[in-house]
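# Secondary and tertiary structure notes
As a plain string of letters, each chain reads:
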2 protein chains.
Amino acid sequence: MIIILDAMGGDNAPIATIKGAVKAINEIDSEILLVGNEKIINEHVKKMYGKDSINEISEKLRIHNTTETIEMEDIPTQAIKHKKDSSMVVGFNLLKEGKGDVFISAGNSGALLTGATLIVGRIKGIDRPAIAPMLPSYKKGLMLMDAGANTNCKPLNLLQFAQMANIYLKKIYNVENPAIGLLNIGTEETKGNDLTKESYILLKESSKDLGINFIGNVEGRDAFTGEVDALITDGFTGNVFLKTIEGFGKLVKKSLTENLKKNIFTTLGAIPALPSIKRFSKTMDYKEYGGALFLGVKQPVVKAHGSSDEYLFYCTIKQAERFAKSGTVELIKEEFEKK
Amino acid sequence: MIIILDAMGGDNAPIATIKGAVKAINEIDSEILLVGNEKIINEHVKKMYGKDSINEISEKLRIHNTTETIEMEDIPTQAIKHKKDSSMVVGFNLLKEGKGDVFISAGNSGALLTGATLIVGRIKGIDRPAIAPMLPSYKKGLMLMDAGANTNCKPLNLLQFAQMANIYLKKIYNVENPAIGLLNIGTEETKGNDLTKESYILLKESSKDLGINFIGNVEGRDAFTGEVDALITDGFTGNVFLKTIEGFGKLVKKSLTENLKKNIFTTLGAIPALPSIKRFSKTMDYKEYGGALFLGVKQPVVKAHGSSDEYLFYCTIKQAERFAKSGTVELIKEEFEKK
């Protein structure tokens, strides 16, 4: 397989993308095609590894040269339409032309969604593709869908998210009968806004026929007990959910560290506990779960975190290979085409 | 002042309400009027304190006898209309008749909101009263409004929430120029759903005239840095936000404890760190910040957590006294009547 990596996307590109690719390359079966400015990439390779080209590090690493980069400030649709030789647009086109099996980018999220929809294209029968990251939960992961691709949703969109989540969790995480819940502000059927009330009814009616284990409404307070495998929601609420966890996680980390440092006795005593706390902090960081998949488009697309460092690109590359190998996208196509 | 306490409301009533009242009574200037079944309350008092009536414990503790209780399963409007002798309805009526200065209840939230609006009544000029809890943030609290009273909101409602939050923070927390943000999924003006886009414009246009320090859109990831004093949002999104923090907080606490227990060496070493971790856990628990105020009604109403224990009732009683003494409700009335 060939993993296409947008070498210029993200806050720490291209250093972090290059390093992540180098770190991952011997642990995966696939080749990595770095899409970006060849001159700049090779300059960094020279500086970091003392080699003249990235291909000297591993035969499985190659560069596809591009001259433009989509910036964070660019307007998504315009960037995708006009920056034809940007690493992101070229990456998408390589994927579409079959020159790779999965595309990863940490670049402008809006442009990534636009590109995935415009260049790669929606799967027939799916109205809205959506973003699906994995979040930490008790002793397992929690899938969130949609985490921000669609600000306005209809009940049908949420049903389709549930169908895709179901396939994804079965195929990639081997969850036998994924428990799929609707994110809401109460557990009763009558709770919520118009969207959640109508979606509840649709999910309840359709889930049996579609083989979905719909467990009903789930409140945020019960989302992380390990009893829920996927949380279905519109992109606005999902994005609030995701970023709230991120912000609260940061507060937890900061407060915990400062609390431990508060007096010298505690600090000395706490030293043996530090590995546990570090391990704990890692478990609580949703970035550890890799990038977010963009489900509902015809080929595998992975959105890496904008702030990804070497380690995160390494994780995301491995995750992307698993995703491409799993055949999830093909299964989703089958499910929606059979209708 | 007289604090009216719904003695029968909440999962742990009446034991926790009685104990909380007894614990608080010597630390406050006010009297506490426990509203509930006198026989049941005095039976518990006898068992717990060996006294024949609660009044023997302190002259500042009294009971107002009622015969009914609103249950968690009751339909809010029906309960308020038909259970005329319930502790909640009687409590509201006592407040309305001037027989007390603030009303606290941990009972059925829907019924509490209905009762506050129907019995106590909205302040003229305020379209929607809202729930405002304090959440943990970096080295201070973060006010959330609305946390769940209004599932559907208009931009004007959000503007009014901002006005009330502004008064409340200045008056109760002595924040000089409270930083008030709009909870959204991006910081740019153009981000969000229809409600947040329109609310952004309205808040931006009106804030100067109203003396509000509107800091623009705030994402959940930046909500807990201590730079935001109040987060304005509709009741659906606010409730998701609140419960997500609660759920994630539980996960953090559980994972941290289990991580520390993982091996005996770590556990032994971690013992000196335990007070710090306990202190940390407390800081992270939003319940430590007391109950949530119901702002926008003509008299002070405080919603205690349904799961409040003795300590939480104690905190909430002290908070309620501060709220009543502060004159916040009068100030809100003035602000909205001057229009």
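Residues numbered from 1 in each chain as written. Chains lettered and ligands numbered in written order. Predicted model: local features only at pLDDT ≥ 70, side-chain atom pairs only at ≥ 80, totals over all residues. Heavy atoms only, no water.

### Quick word on the overall build of chain A
- Counting its secondary structure elements, chain A contains 12 helices and 12 strands.
- With respect to the three principal axes, the spread of C-alpha positions in chain A is 65 × 65 × 35 Å.
- Here chain A, with 339 residues, has 59% of them falling under the buried criterion.
- Contacts in chain A between residues far apart in sequence, at least 24 positions, make up 72% of those at least 6 positions apart.
- Charged side chains of chain A number 44 positive and 42 negative; the gap between the two group centres comes to 2 Å. (Helix = DSSP H or I, 4+ residues; strand = E, 2+ residues; numbered from the N terminus. Buried < 20%, exposed > 50% of the residue type's maximum accessible area, 1.4 Å probe, protein only. Contact = heavy atoms within 4.5 Å. Lys, Arg positive; Asp, Glu negative; His and termini not counted. Charge placed at Lys NZ, Arg CZ, Asp CG, Glu CD.)

### Quick word on the sheet that holds strand 11 (residues 292–295) of chain B
Residues and elements named next belong to chain B.
- With mixed pairing, the seven strands of this open sheet are ordered in space as 3-2-1-4-12-11-5. Each edge of the open sheet carries a strand with a single partner, namely strand 3 (61–65) and strand 5 (130–132). Going from strand to strand, the sheet's axes swing by 25 degrees on average, the running direction of each strand aside.
- Sheet analysis places strand 2 (residues 31–36) next to strand 3, joined by five bridges and oriented parallel. Opposite Gly36, over in strand 3, you have Asn65 as the bridge partner.
- Along the sheet, helix 4 (residues 87–96) contacts strand 1 (2–6), strand 2, strand 3, strand 4 (102–105) and strand 12 (301–303); its crossing angle with strand 4, the most-contacted strand, is approximately 165 degrees. (Pairing = 2+ DSSP bridges. Axes fitted to C-alpha atoms, helices over the stretch in contact; angles between N-to-C directions.)

### Some words on the sheet that holds strand 3 (residues 61–65) of chain A
Residue and element names in this part refer to chain A.
- Spatially, seven strands are ordered 3-2-1-4-12-11-5 in an open sheet, and the strand pairing comes out mixed. Here the strands that pair on one side only, and so sit at the sheet edges, are strand 3 and strand 5 (130–132). On average, adjacent strands in this sheet sit at an angle of 25 degrees to one another, irrespective of strand direction.
- The pairing of strand 1 (residues 2–6) with strand 4 (residues 102–105) spans three bridges and is classified as parallel. Counted as the bridge partner of Ile4 is Phe103 from strand 4.

### Quick notes on the confidence of the model for chain A
- On average, residues of chain A score 91 in pLDDT, and 91% of them are at 70 or above.
- Predicted complex metrics record ipTM = 0.88 and pTM = 0.90. (pLDDT = per-residue confidence, 0-100.)

### Describing the side chain of Asn42 of chain A
Residue and element names in this part refer to chain A.
- Relative to the helices and strands, Asn42 is located in helix 2 (residues 38–49).
- A relative accessible area of 15% places Asn42 in the buried class.
- Apart from residues no more than four positions distant in its own chain, Asn42 is found in contact with Asp52, Ser53, Ile54 and Ile63.

### Describing the packing of aromatic side chains
- Applying the stated criterion to the full structure yields 12 aromatic pairs over all chains.
- Seen from their ring centres, Phe224 of chain A and Phe248 of chain B are 5.4 Å apart, and the 70 degrees between their planes marks the pair as edge-to-face. Pair noted here: Phe224 of chain A is in the loop between strand 9 (213–218) and strand 10 (230–232) and Phe248 of chain B is in helix 8 (residues 235–261), and the two residues belong to different chains.
- Relative to Tyr314 of chain B, the ring of Tyr311 of chain B has its centre 5.9 Å away and its plane inclined at 35 degrees; by these criteria the two rings are tilted. Of the two residues, Tyr311 of chain B and Tyr314 of chain B both sit in helix 11 (residues 310–326), three residues apart, roughly one turn of that helix.
- A residue is classified by how much of its surface remains accessible, and Tyr314 of chain B, at 11% relative accessible area, is buried.
- One aromatic cluster is present, formed by Phe224 and Phe241 of chain A together with Phe248 of chain B through successive ring pairs.
- Above the face of the Tyr314 of chain B ring, Lys23 of chain B is positioned so that its terminal group lies 4.7 Å from the ring centre. (Phe/Tyr/Trp six-rings, centres within 6.5 Å; stacked < 30°, edge-to-face > 60°. Lys NZ or Arg CZ within 6 Å of the ring centre and 35° of its normal.)

### Looking at the packing of helix 6 (residues 155–173) of chain B against helix 12 (residues 328–337) of chain B
All names here are of chain B.
- Packing of helix 6 against helix 12 leaves a shortest axis separation of 10 Å and a crossing angle of 140 degrees. Relative to helix 12, helix 6 is oriented oblique. Judged by the sense of rotation from one axis to the other, the crossing of helix 6 with helix 12 is right-handed. On the side of helix 6, the interface is formed by Gln160, Gln163, Met164, Ile167, Tyr168, Lys171 and Ile172, while helix 12 contributes Thr328, Leu331, Ile332, Glu335 and Phe336. (Parallel < 35°, antiparallel > 145°, perpendicular 65-115°, else oblique. Left-handed = near helix turned anticlockwise from the far one by under 90°.)

### Notes on the pattern of salt bridges
- According to the stated counting rule, one finds 29 salt bridges over all chains in the structure shown.
- The closest approach of N and O atoms between Lys46 of chain A and Asp52 of chain A, which form a salt bridge, is 2.8 Å.
- With a shortest N-O distance of 3.3 Å, Lys333 of chain B and Glu330 of chain B are connected by a salt bridge. Taken together, the residues Lys333 of chain B and Glu330 of chain B, both in helix 12 and three residues apart, mark about one turn of the helix.
- Overall, the relative accessible area of 45% leaves Glu330 of chain B in the partly exposed class. (Salt bridge = Lys/Arg side-chain N within 4 Å of Asp/Glu carboxyl O.)

### Quick notes on the nonpolar core
- Judged by nonpolar contacts, the single largest core of 88 residues is most densely connected at Phe92, Leu231 and Phe241 of chain A together with Phe92, Leu231 and Phe241 of chain B.
- Those residues within four positions of Phe92 of chain A in sequence are excluded, and the remaining contacts are Phe103, Ala111, Leu112, Gly115, Ala116, Ile119, Val120 and Val301 of chain A. (Core = buried A, V, L, I, M, F, W, Y, C linked by side-chain atoms within 4.5 Å.)

### Regarding the packing of helix 6 of chain B against helix 7 (residues 194–210) of chain B
All names here are of chain B.
- Running from amino to carboxyl end, helix 6 crosses helix 7 at an angle of 45 degrees, the nearest separation of the two axes being 9 Å. Compared by their axis directions, helix 6 and helix 7 come out oblique. Here the hand of the crossing between helix 6 and helix 7 comes out right-handed. In this structure, helix 6 uses Pro155, Leu156, Leu158, Leu159, Ala162, Gln163 and Asn166 to contact helix 7, whose residues at the interface are Leu195, Glu198, Ser199, Leu202, Leu203, Ser206 and Leu210.
- When its residues are assigned to classes, the contact of helix 6 with helix 7 shows nine nonpolar, four polar and one charged. (Nonpolar A, V, L, I, M, F, W, Y, C, P; charged D, E, K, R; others polar.)

### So, the pairing of strand 7 (residues 140–145) of chain B
Residues and elements named next belong to chain B.
- Here strand 7 lies mainly inside the structure; five of its six residues are buried.
- Turn length for the strand 6 (residues 134–137)-strand 7 hairpin, with the two strands adjacent in sequence and antiparallel, is two residues, and the turn residue Lys139 shows positive phi of about 60 degrees.
- Where strand 7 lies against strand 10 (residues 230–232), three bridges are found, and the strand directions are parallel. Bridge assignment links Leu144 to a residue of strand 10, and that residue is Leu231.

### Notes on helix 2 (residues 38–49) of chain B
All names here are of chain B.
- Taking 1.5 Å per residue as the helical rise, helix 2 with its 12 residues ought to reach 16 Å, and the 16 Å between its terminal C-alpha atoms agrees with that figure.
- Of the positions making up helix 2, those classed as buried are Ile41, Asn42, His44 and Val45. Mapping the buried residues of helix 2 onto a view down its axis gives an arc of 160 degrees, with all of them on the same face. Turned more than 90 degrees from where helix 2 packs its buried face, Lys39 and Lys47 sit exposed.
- The inward-facing, buried residues of helix 2 abut helix 1 (15–25), strand 2 and strand 3. (Expected span 1.5 Å × (residues − 1). Arc of directions from axis to C-beta.)

### Looking at the pairing of strand 8 (residues 179–183) of chain B
Residue and element names in this part refer to chain B.
- The element strand 8 is extensively covered by neighbouring structure, given that five of its five residues are classed as buried.
- Residues Ala179, Gly181 and Leu183 point to one face of strand 8 and Ile180 and Leu182 to the other, with burial holding for every one of them.
- Of the pairings in the sheet, the one linking strand 8 to strand 9 (residues 213–218) comprises five bridges and is parallel in character. For Gly181, the partnering residue across the bridge sits in strand 9 and is Gly216.
- Considered for its hand, the β-α-β crossover made up of strand 8, helix 7 and strand 9 is right-handed.
- Pairing between strand 8 and strand 10: three bridges, direction parallel. Following the sheet pairing, Gly181 is matched in strand 10 by Leu231. (Right-handed = clockwise from strand over helix to strand, strands pointing away.)

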